[in-house]
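Here's the letter readout for the chains.
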Amino acid sequence: MKIICAVLALLCALVTGEAHAVEGKWTPQQILEHDPQWLRQLGLEIPPEALWSPAGAGLLDAAVKVGQGCSGGFISADGLVITNHHCAFGILQQHATPANDVITHGFLAHSRAEELPGKGMRIVVPHRTEDVTAQVEAAVPARADDLARYQAIERKKKELVAACEAQPSRRCQVEAFDGGVSYQLSEGLEYADVRLVYAPPRAVGEYGGEVDNWSWPRHTGDFALLRVYAKPDGQPAPPDPGNVPFHPRNFYPVARHGVEPGDFVMVPGYPGNTLRSLTAAEMRERAELYFPRRAALYRAWMDLMEAASATDETARIALADRLKLLANREKNSRGQIDGLRRGRTLEKKEAAEKEVLAWAAQRPEQQSAMSAMSAMSATSATSAQAELAQLIARRRESWERDFLLDQAKQGAKPLDLALTLVRAAGERTKPDLDREADYMEREKDRLEERLRLDQKRMHLPTEQALLADLLNRFAALPEGSRVAAVETFLGASARERSPEAVRAKVAGLFARTRVNDAEERAKMFQESLDQLRARRDPLLDLAFALDLELRSFKERDDRFKGAIERLRPRWQRAVIAHAGRPVAYDGNGTLRVSLAHVEGYAPRDAVRFEPQTTVGGMAEKNTGAEPFDAPRELLAAAPAAPASRWADARLHDVPVAFLADADTTGGCSGSPVLNGRGELVGVNFDRVWENVSNDFGYNPEVARNISADIRYLLWLLETLQGGAAEPLLREMGVAKQESERSSAERAHRLRRRSSGLPRQEIEAAGCRGGA
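Residues numbered from 1 in each chain as written. Predicted model: local features only at pLDDT ≥ 70, side-chain atom pairs only at ≥ 80, totals over all residues. Heavy atoms only, no water.

**Quick look at the overall build of the chain**
For the record, the criterion: The secondary structure listing takes helices from DSSP runs of H or I that are at least 4 residues long and strands from runs of E that are at least 2 residues long, numbered from the N terminus. Each radius of gyration is computed over the set of C-alpha atoms, and the globule rule expresses the reference value as 2.2 Å times the number of residues to the power 0.38. For each residue, the accessible area found with a 1.4 Å probe, counting protein chains only, is set against the maximum for its type, and the residue is called buried under 20%, exposed over 50%, and partly exposed in between. Any two residues whose heavy atoms approach within 4.5 Å are treated as being in contact. Residues counted as positive are Lys and Arg, residues counted as negative are Asp and Glu, and His and the chain ends are not counted. By convention, the point assigned to a charge is CZ for Arg, NZ for Lys, CD for Glu and CG for Asp.
Of the regular secondary structure elements, the chain holds 28 helices and 20 strands. Here the C-alpha radius of gyration of the chain, 27 Å, is about what a compact globule of 771 residues would show, namely 28 Å. Per-residue burial for the chain yields a buried fraction of 57% across its 771 residues. Taking the intrachain contacts of the chain between residues at least 6 apart in sequence as the baseline, contacts between residues at least 24 apart amount to 77%. Side chains of the chain give 103 positive and 109 negative charges; the mean places of these two sets differ by 1 Å.

**Considerations on the nonpolar core**
Rules: Residues grouped as a nonpolar core are buried Ala, Val, Leu, Ile, Met, Phe, Trp, Tyr and Cys residues, joined through side-chain atoms within 4.5 Å.
Core analysis: the largest hydrophobic core is formed by 98 residues, its most contacted members being Leu595, Tyr712, Trp715 and Met732. Broken down by element, the residue count for this core peaks at 7 residues, all from helix H25 (residues 710-721). Residue contacts for leucine 595: discarding those within four places in its chain leaves Val22, Trp26, Ile31, Trp38, Leu39, Leu42, Phe264, Val265 and Met266. Counting 67 residues, the second-largest nonpolar core is a separate cluster that includes Trp301, Met305, Leu405 and Phe696.

**A look at the side chain of threonine 83**
Rules: Each polar contact in these results corresponds to two N or O atoms within 3.5 Å; when the atoms are within protein, one needs to be able to donate a hydrogen and the other to accept it, and residues that are neighboring in sequence are counted only if both atoms are side-chain atoms.
With respect to the helices, strands and loops of the structure, threonine 83 is situated in strand S3 (residues 80-83). For threonine 83, a relative accessible area of 0% gives the class buried. In terms of polar contacts, threonine 83 uses its side chain to reach the backbone carbonyl oxygen of serine 71, at 2.7 Å. Those residues in contact with threonine 83 that lie beyond four places of it in its chain are Val66, Ser71, Gly72, Asp222, Phe223, Ala224, Leu226, Ser669, Gly670 and Val683.

**Things to note about the packing of aromatic side chains**
Centre distance and the angle of the planes are the two values used to describe a pair of aromatic rings. For the record, the criterion: Each pair of aromatic rings taken from Phe, Tyr and Trp, with Trp reduced to its six-membered ring, is defined by centres within 6.5 Å and is described as stacked if the planes are under 30 degrees apart, edge-to-face if over 60, and tilted in the remaining cases.
Per the stated rule, a full pass over the model turns up 12 aromatic pairs. Centre to centre, the rings of tyrosine 191 and phenylalanine 246 are 4.6 Å apart; their planes meet at 40 degrees, and the pair counts as tilted. Linking tyrosine 191 in strand S8 (residues 182-191) with phenylalanine 246 in the loop between strand S11 (244-245) and strand S12 (264-269), this pair joins segments that are 55 residues apart in sequence. You can call tyrosine 191 buried: its relative accessible area is 1%. Plain terms: the ring middles of tyrosine 207 and phenylalanine 628 are 5.7 Å apart, the flat faces sit at 80 degrees to each other, and that makes the pair edge-to-face. You can see tyrosine 207 sitting in the loop between helix H8 (202-205) and helix H9 (209-212) and its partner phenylalanine 628 sitting in the loop between helix H23 (615-621) and helix H24 (632-637), a full 421 residues away along the chain. In terms of burial, tyrosine 207 and phenylalanine 628 fall into one category: buried. Every member of this aromatic cluster is reached through a ring pair, and the members are Tyr290, Phe291, Trp399, Phe403 and Phe696.

**As for the confidence of the model for the chain**
For the record, the criterion: Note: pLDDT gives the predictor's confidence per residue, expressed from 0 to 100.
Of all residues in the chain, 91% attain a pLDDT of 70 or more, and the chain-wide mean is 90. Low pLDDT, under 50, characterises residues 1-19; the stretch is placed with 29 contacts to residues that sit more than four places away or in other chains. The low-confidence segment residues 739-771 (pLDDT under 50) makes 55 contacts with residues lying over four places distant or belonging to another chain.

**Side note on the environment of alanine 424**
Checked against the element boundaries, alanine 424 lands in helix H15 (residues 413-427). The exposure class of alanine 424 is buried, given its relative accessible area of 4%. Placed 104 residues apart in sequence, alanine 424 and serine 528 show a C-alpha to C-alpha distance of 9.1 Å.

**Quick notes on the packing of helix H7 (residues 146-164) against helix H22 (residues 538-579)**
Which entries qualify depends on this criterion: Axis lines are fitted to C-alpha atoms, over the contacting stretch for helices. Their N-to-C directions set the angle, which ranges from 0 to 180 degrees. Roughly parallel refers to an angle under 35 degrees, roughly antiparallel to one over 145, roughly perpendicular to one between 65 and 115, and oblique to any angle outside these ranges. Think of it as three bins: nonpolar holds Ala, Val, Leu, Ile, Met, Phe, Trp, Tyr, Cys and Pro, charged holds Asp, Glu, Lys and Arg, and polar takes everything else, Gly as well.
As a packed pair, H7 and H22 sit with axes 7 Å apart at the nearest point and diverge in direction by 85 degrees. In terms of their interaxial angle, H7 and H22 are classed as roughly perpendicular. Contact with H7, carried on its side by Asp146, Leu147, Arg149, Tyr150 and Ile153, involves Glu555, Asp558, Arg559, Lys561, Gly562, Ala563, Glu565 and Arg566 of H22 and no other residues of that element. Of the residues contributing to the contact of H7 with H22, the split by class is 4 nonpolar, 1 polar and 8 charged.

**Considering helix H14 (residues 399-407)**
With 7 of 9 residues buried, H14 lies mostly within the body of the structure. The set of residues buried in H14 consists of Trp399, Arg401, Asp402, Phe403, Leu404, Leu405 and Gln407. Structurally, H14 contributes buried residues whose contacts are with helix H10 (280-311), helix H13 (381-395), helix H17 (460-475) and H22.

**Here we look at the state of the cysteines**
To be explicit about the condition: Any two cysteine sulfur atoms within 2.5 Å of one another count as a disulfide.
Per the stated rule, a full pass over the model turns up 2 disulfides. Across the disulfide from cysteine 70 sits cysteine 87; the S-S distance is 2.1 Å. Here the disulfide of cysteine 70 and cysteine 87 is left-handed, its torsion about the S-S bond being about -80 degrees. Placement of cysteine 70 in strand S2 (residues 70-74) and of cysteine 87 in the loop between S3 and helix H4 (89-95) is noted, with a sequence separation of 17 residues between them. Using a relative accessible area of 10% as the deciding quantity, one classes cysteine 70 as buried. The exposure class of cysteine 87 is buried, given its relative accessible area of 11%. Between the sulfur atoms of cysteine 164 and its disulfide partner cysteine 172 the distance amounts to 2.0 Å. In this structure the cystine formed by cysteine 164 and cysteine 172 twists about its S-S bond by roughly -65 degrees; its chirality is therefore left-handed. The pair cysteine 164 / cysteine 172 is uniform in exposure class, with both members buried. No disulfide involves cysteine 668; its sulfur sits 10 Å from that of cysteine 70, the nearest cysteine.

Printed below as a string of structure tokens:
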């Protein structure tokens, strides 16, 4: 009997995938190319074709792009979307006032008429993808230099997007995979009528704050519910009271049974840019320059914002989302540095490159060009790698200056707005396809909307301090690296360049500019270059001067990108060929899915973290002071949580969050977390500290993402909101009065969706119980 149980336990580990982690942010098409038996062994209980088809139909089309840089998923037939609290934070900020502080107290719509409109919030629903590599490669002239190469590729991408968006309500993008190994056109339907249904109090949605950010154990309820509205025929429409809830083709039903250690999960979403295809030289630039400089700069700006927020309620609300973003990026930068050092990532990358170089030197096919585009590039993979290293070495010569220019729009909001107005006016003088992508006609409504909505995101005394800080940093550059526009503004003498003098100059500029006036700014957006110059507005004048510097920087950067598009594909194809197995592309904002299992980890010697946290753990962590100051009603309800129907029998409590070894990154915030049947079990929101540098390489020992357990959301709604949440629970199919599905019904549904899988047979033998 002991032998039988041991065999069953081993089979369990093999079938559920507990014996191995799975690296990769897989495209939907790659999922279809995987061996179905391998997917079943991991724990997928539905046919792979149920996830995706070339036409875009399948469960993965319920994973949507939310706003700028977040993901989400449909979880009801009436357009209900789950995402993160921090992804919906902008909507809360739009509606918050000192008298009605929905940021602090949270929000629940008691009816659909009460749902809060998300001005500027858009949700893109995936519709179709197409490989357009051949079209993009063919657009590059035979003897193009690197700048011309980049410009030709960008123009072709714009042409493809324009043709795609000629269809009504489409939002399309063309993205390069691993620097140009391939190109994909993604076509989606964009919905602009998005409303907030529910967000927990800030003390729930941000419980632990920056202390717990990028860390485990975690007790954060980082979730929110939105609703997408459309025309009665389901087509996108501008916000309008006559719109109706959108009915998606697919949605993720809420699982009635949650996860436990070892369970298989999937995380579909839109991961942002990752860096695994970078060479060792490029990675070293990031580790030694970019992340240290970004961490220091953002820390200084955060200090200014935090000081204002601590003493001024208006400043606290106005700066809230920008401060959150800076804080997240600042801690991320420190985590990248720490993770690269701890994981010896650069040393491993250098060793891997040497291995590929030695391998490529012995293979004739790696000594020649492999495509029309690479025919005009290096003649071999080895020379491509060498030239990439030379590019980075030359880039370091002007690095500090270029970094500050690149960050100029990230600090003081008025400078950002002035630069946007000047660049928009300049780009409007060009044919649409010749404009920078951010200033094409397709972006006009977004730009106009941002110029309007940013009014509530400004606190002028803090903006002055942020601009003065930036100018002081420019002034401190070595003499040969200084920026002419800043030098003219500051003056040449030491007295004129002192911090006190700079603050006085900025104060005078703010006193005379009209850029900070929302109505006047709206007029400026409609004006030509000559009309803007004729205003003699001091902030616009500074923006005009800086814009010349920024355009020069952009041309250098575009030339660099053209060289990357020439060289990286050649090198990366050699890396893939050397691997001899499927390799997932770097994240690039397109739809992907990660395959994973719920699993704890050991961050350091003699320490082992369990993969789940509970309501009881949240209450134990509570100190009564931010960021560990849970709402009183939540603490009062916590002792009864073990008796809730949402309690986990193994944990004897309601789960709050869980770990899995999913391969995630920025952009996966808000991604739905699904079990092997495609049911919702959680929502992804973070990674652990040891996994921050996962963008550079996957380490299965510490690669852990953090998700909020769906049972915590359901318990909060049912316990704290009471009857007011009943319609929402009913919509999600989990209202209290609804009876549980019988085991026979559940088994019947599983048989239909999975066609009988080995894992079920093993479970029937007593290897494991529950879903």
